[in-house]
Amino acid sequence: SQKIEQNSEALNIQEGKTATLTCNYTNYSPAYLQWYRQDPGRGPVFLLLIRENEKEKRKERLKVTFDTTLKQSLFHITASQPADSATYLCALDTETGANNLFFGTGTRLTVIP
Amino acid sequence: ETGVTQTPRHLVMGMTNKKSLKCEQHLGHNAMYWYKQSAKKPLELMFVYSLEERVENNSVPSRFSPECPNSSHLFLHLHTLQPEDSALYLCASRKDRTYGYTFGSGTRLTVV
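Remember, it's a predicted structure, so these values are computed and weren't measured experimentally.

1. Some points on the interface of chain A and chain B
Moving on, step 1. With 24 residues of chain A in contact, the opposing surface of chain B contributes 24 residues.
Moving on, step 2. Summed over both sides, the interface of chain A with chain B buries roughly 1,900 Å², with 51% coming from carbon and sulfur.
Moving on, step 3. When the buried area of chain A at its contact with chain B is split by residue, Pro44, Asn99 and Phe103 of chain A rank highest and sum to 29% of it.
Moving on, step 4. Summed over the shared surface of chain A and chain B, the result is 3 salt bridges.
Moving on, step 5. Between Lys40 of chain B and Glu9 of chain A there is a salt bridge, with the nearest N and O atoms lying 2.8 Å from each other.
Moving on, step 6. For the pair chain A and chain B, the interface holds 10 residue pairs in polar contact (both at pLDDT 80 or more).
Moving on, step 7. Elements represented by at least two residues in the side of chain A that touches chain B include exactly β4 (32-38), β5 (45-51) and β9 (86-93) of chain A.
Moving on, step 8. Per-element tally for the side of chain A that touches chain B: the top contributor is β4 of chain A, with 4 residues.
Moving on, step 9. Among the residues forming the side of chain A that touches chain B, the class breakdown is 9 nonpolar, 10 polar and 5 charged.

Okay, structure coming up:
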């Protein structure tokens, strides 16, 4: 069956450290992989998109890697701040079939001052 | 505001009521979506309208019915809902597959 698993439901990290979140998938062939941030009671906000032929993408303090052999994406936040505390979702687009994304359950990140 | 506006933000309805959720975008996006978000579950796709074609998740009960009168507006009509339908309902849009979704703030629905 198809699965998208995000490493842990919750992750606590000290301010200033690098947070690393994992997204593993099974029985998908994604053409694109995306990461979103979601604050409580709000809709997710798009952060980064990486294509299957790209290994790494960066945006300010954010870095995403995509390994189609391992079927895994890593999402890094460097120099983490309390304001980075939120739930982070990964999502896959297979580029075939219906025009929609498949989401993981998310990892709730808490950055401790 | 994200560019995708959802109304109402909160809705409490009885099981015999009929209500509608509204979503509006003026971003020029070509696809619009309804997702359901329940606690501890991934976002669940309900309906897609893409270039005026409708695609739906076959597991969505018929008590939910979408309407997309034009490329900027999307509705979700609700009738005879059950308490387990209580959730956050999110509307999203996107330009094409090389872009991320823009989500609205959601409607928190409670069925009593």
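2. Quick look at the state of the cysteines
Moving on, step 1. On inspection of all chains with the given rule, the structure shows 2 disulfides over all chains.
Moving on, step 2. Across a sulfur-sulfur distance of 2.0 Å, Cys23 of chain A and Cys90 of chain A are joined as a disulfide pair. Because the sign of the S-S torsion sets the handedness, a value of about 60° for the bond joining Cys23 of chain A and Cys90 of chain A places this disulfide among the right-handed ones. Within this pair, whereas Cys23 of chain A is found in strand β3 (residues 19-26), its partner Cys90 of chain A is found in strand β9, the two being separated by 67 residues in sequence.
Moving on, step 3. Residue class for Cys90 of chain A comes out buried when judged on its relative accessible area of 0%.
Moving on, step 4. Between Cys23 of chain B and Cys91 of chain B runs a disulfide, and the two sulfur atoms are separated by 1.9 Å. Residues Cys23 of chain B and Cys91 of chain B are joined by a disulfide whose S-S torsion is about -70°; by sign, that bridge is left-handed. Pair noted here: Cys23 of chain B is in strand β3 (residues 18-25) and Cys91 of chain B is in strand β9 (residues 87-94), with a separation of 68 residues, a long-range link.
Moving on, step 5. Judged by relative accessible area, Cys23 of chain B falls into the buried class, the value being 0%.
Moving on, step 6. The thiol sulfur of Cys68 of chain B is not disulfide-bonded, and the nearest other cysteine sulfur, from Cys91 of chain B, lies at 9.2 Å.

The rules we used
Residues numbered from 1 in each chain as written. Chains lettered and ligands numbered in written order. Predicted model: local features only at pLDDT ≥ 70, side-chain atom pairs only at ≥ 80, totals over all residues. Heavy atoms only, no water. Contact = heavy atoms within 4.5 Å. Buried area = accessible area lost by both parts, 1.4 Å probe. Salt bridge = Lys/Arg side-chain N within 4 Å of Asp/Glu carboxyl O. Polar contact = N/O pair within 3.5 Å; in protein donor to acceptor, adjacent residues only side chain to side chain. Helix = DSSP H or I, 4+ residues; strand = E, 2+ residues; numbered from the N terminus. Nonpolar A, V, L, I, M, F, W, Y, C, P; charged D, E, K, R; others polar. Disulfide = S-S within 2.5 Å. Buried < 20%, exposed > 50% of the residue type's maximum accessible area, 1.4 Å probe, protein only.

Take it as geometry only, folks, not as evidence of what the structure does.
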